[in-house]
Amino acid sequence: MKALAGSLLTLLLLAVLVSAIGVVWTRHESRVLFVELTRLQNQRDELNIEYGRLELEQATWAEPRRIDEEARAKLGMVTPRPQDVQLVRR
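Report follows, based on the coordinates.

Definitions and limits used
- Residues numbered from 1 in each chain as written.
- Predicted model: local features only at pLDDT ≥ 70, side-chain atom pairs only at ≥ 80, totals over all residues.
- Heavy atoms only, no water.
- Helix = DSSP H or I, 4+ residues; strand = E, 2+ residues; numbered from the N terminus.
- Buried < 20%, exposed > 50% of the residue type's maximum accessible area, 1.4 Å probe, protein only.
- Areas by Shrake-Rupley, 256 points an atom, 1.4 Å probe, with all protein chains shown as cover.
- Lys, Arg positive; Asp, Glu negative; His and termini not counted.
- Charge placed at Lys NZ, Arg CZ, Asp CG, Glu CD.
- Salt bridge = Lys/Arg side-chain N within 4 Å of Asp/Glu carboxyl O.

Focus: the overall build of the chain
Phase 1: When helices and strands are counted, the chain shows two helices and zero strands.
Phase 2: A buried classification covers 1% of the 90 residues belonging to the chain.
Phase 3: Taken as a whole, the chain presents about 8,900 Å² of accessible surface, with 66% of it coming from carbon and sulfur.
Phase 4: Within the chain, one finds 13 positive and 12 negative side-chain charges whose respective centroids are separated by 5 Å.

Structure (structure tokens):
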């Protein structure tokens, strides 16, 4: 009977140790994943800020006044004179 009780006690002790190691491992993994989540959220926030900057820059470059200025300055384009305009009919 004592041998059975000793075996049962050893088995229960082993189960408690395995359970404790499992809890420690799970908490460690949880912390590692939380750190990774935080890093990814920070990266997402930085990318959202950059995306906003790029949208603003695109809106600035696509503004008709800006395109007109660039066309005149860099390409030497001018507004045609009325006599140079021809109407094409189908």
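A closer look at the pattern of salt bridges
Phase 1: By the definition in use, this model includes nine salt bridges.
Phase 2: Where R65 meets E69, a salt bridge forms, and the shortest distance between an N and an O atom there is 2.9 Å. Pair noted here: R65 and E69 are both in helix 2 (residues 64-74), with a separation of four residues, about one helical turn.
Phase 3: One salt bridge connects D68 with R72, and the closest N-O pair in it is separated by 3.0 Å. Linking D68 with R72, this pair stays in helix 2, spanning four residues, or about one helical turn.
Phase 4: A relative accessible area of 36% means that D68 is categorised as partly exposed.

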